[in-house]
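Report on the structure
Residue-level listing of the chains:
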Amino acid sequence: MNDLSGHSIGRYHIIEPLGEGGMANVFKAYDTHLECEVAVKVIRIERISPEILSHALKRFEREAKLVAKLTHPNIVKVTDYGEYENRPYLVMEYLPGGTLKEFIKQHKQISWQEAVKLLKPIAEALQYAHYKGVIHRDIKPSNILLTQNGFPMLTDFGVAKIIDDEVTQDLTGPSATLGTPEYMAPEQIASKTVDGRADLYALGVVFYEMITGRRPYEADTPMAVIIMHSRDPLPQASKFVKDIPERVERFLEKALAKAPS
């Protein structure tokens, strides 16, 4: 999508791009009604066929309403949604502290104690969302934002689910799966019928990455990573970091177990 800087989407005046992903572009914007800065995520529809788009937009509206009802101190609040030139968008709080992905890149390896401190609030946010019947499906460091005080906030609830199986197949082929391969639970790869345990698996991958500086499974292609998640044993974190307590290793083994049970 072209840069929308200088344009207005409804009452939101676009200031600058914040990031670009496979399914969306994020912009910093100014809410002219409330007179505050917000983040506007515009969903990309270029590769969605016209006959499926109408259904996808209805699905998006349902998901946006569901996500807007989530109220938790560690979940980025969705404040509005709509369509701009037939492209759906979400409006969220603007957090200038960056992402956990950037934090990991800057610090390389993070002590397990600090990692627990950062991820415990995210685990609590997931517990709340799962109680409300909402599964994230795309937990990863770039979807964990940080406030200026370093307070972790989970974002992108529902965005990974706005397109149903038909649209996903239309986008990426019949075997496509929603999510990010490096963080996907084996059951999410095998079936789109998953529960909150898939989110906990992904959170375990994030924890592993934080304390070791690398993801547990890395390969040259997404399919190779998917296969590794489904069959390869978990590389012990102690191979990459000294002095990891046994209880931390046990936690990782449980979080990253192949079977959801």
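The structure we're discussing is the one just above.
These lines cover the structure that appears in this document, whether it is placed above or below. (Residues numbered from 1 in each chain as written. Predicted model: local features only at pLDDT ≥ 70, side-chain atom pairs only at ≥ 80, totals over all residues. Heavy atoms only, no water.)

1. Observations concerning the nonpolar core
Counting 54 residues, the largest nonpolar core has L100, L119, F157, F207, M210 and I211 as its most contacted members. In terms of residue count, helix α6 (residues 197-212) provides more of this core than any other element does, 10 residues in total. In contact with I211, other than residues within four places in its own chain, are Q109, I110, S111, W112, A115, A237, V241, I244, V248 and L252. Core analysis: the second largest hydrophobic core is formed by 12 residues, L4, Y12, I14 and V42 among them. (Core = buried A, V, L, I, M, F, W, Y, C linked by side-chain atoms within 4.5 Å. Buried < 20%, exposed > 50% of the residue type's maximum accessible area, 1.4 Å probe, protein only. Helix = DSSP H or I, 4+ residues; strand = E, 2+ residues; numbered from the N terminus. Contact = heavy atoms within 4.5 Å.)

2. A few points about helix α2 (residues 100-107)
Note: α-helices contain 3.6 residues per turn, so residues at a spacing of three or four share the same orientation. Listing the buried residues of α2 in full gives L100, F103 and I104. Along α2, the residues classed as buried sweep out an arc of 100 degrees about the axis, all on the same side. Exposed and oriented more than 90 degrees from the buried face of α2 are K101, K105 and Q106. Of the surrounding secondary structure, the elements contacted by the buried residues of α2 are α3 (112-131), β7 (144-146) and α6. Positioned one or two residues after α2, K108 has a phi angle of 65 degrees, which is positive. (Arc of directions from axis to C-beta.)

3. Side note on unusual backbone geometry
Even without glycine at this site, K108 takes up a positive phi of about 65 degrees. Looking at where K108 falls in the secondary structure, it is placed in the loop between α2 and α3. Even without being a glycine, D243 presents a positive backbone phi close to 65 degrees. Take D243: it is sitting in the loop between α7 (222-231) and α8 (246-255).

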